[in-house]
Amino acid sequence: MGYEILKFPYYPWYTFVRIFAVGVSNTFLKYSHSFSGLTAIAMFLMTREVWSTEAGLLAAACMAIVPGYISRSVAGSYDNEGIAIFALLFTYFLWLRSVKTGSVFWATACSVSYFYMVGHISHP
């Protein structure tokens, strides 16, 4: 018991993660199609922030059918770019919102999203 505590200092957290974690490759295999939908939503939010709701809907529809993105977000495909593109678009949206409103909340959300994006793109 003492050795396990030294090996994993946060043992209860490690146990929780091991129960629910499925590994990086299985995560991409199971959730890539979900991130495809989230990417379309992020594209809508970003375009609505810049232009209008109608333009946001058109941009989201275009994002949903772009062949270059579909090839990166097919369920069963192992490609980290499907999630990285979502992180990139969502970070752009949060940056635009933080610049437009000047709110510390949106700036903090943008910085958290930026660190997630950089961490995900740098270390797949």
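Placed above this text is the structure.
So, here is what we can say about the structure in this document.

How each quantity is defined
Residues numbered from 1 in each chain as written. Predicted model: local features only at pLDDT ≥ 70, side-chain atom pairs only at ≥ 80, totals over all residues. Heavy atoms only, no water. Core = buried A, V, L, I, M, F, W, Y, C linked by side-chain atoms within 4.5 Å. Buried < 20%, exposed > 50% of the residue type's maximum accessible area, 1.4 Å probe, protein only. Helix = DSSP H or I, 4+ residues; strand = E, 2+ residues; numbered from the N terminus. Contact = heavy atoms within 4.5 Å. Expected span 1.5 Å × (residues − 1). Arc of directions from axis to C-beta.

## Some details on the nonpolar core
Counting 17 residues, the largest nonpolar core has Met43, Met46, Met63, Leu89 and Phe93 as its most contacted members. Those elements that provide at least two residues to this core are helix 3 (24–50), helix 4 (53–65) and helix 6 (81–101). In terms of residue count, helix 3 provides more of this core than any other element does, seven residues in total. With residues up to four places along the chain from it excluded, the contact list for Phe93 reads Leu45, Met46 and Glu49.

## Digging into helix 4
Over its 13 residues, helix 4 runs 19 Å from end to end, which matches the ideal 18 Å to within 8%, given 1.5 Å per residue. Inspection of helix 4 places Gly56, Ala59, Ala60 and Met63 among the buried residues, and these make up the whole buried set. Projected onto a plane normal to the axis of helix 4, the buried residues spread over an arc of 100° and lie on a single side. The exposed set on the far side of helix 4, more than 90 degrees from its buried face, consists of Glu54, Leu57, Leu58 and Ile65.

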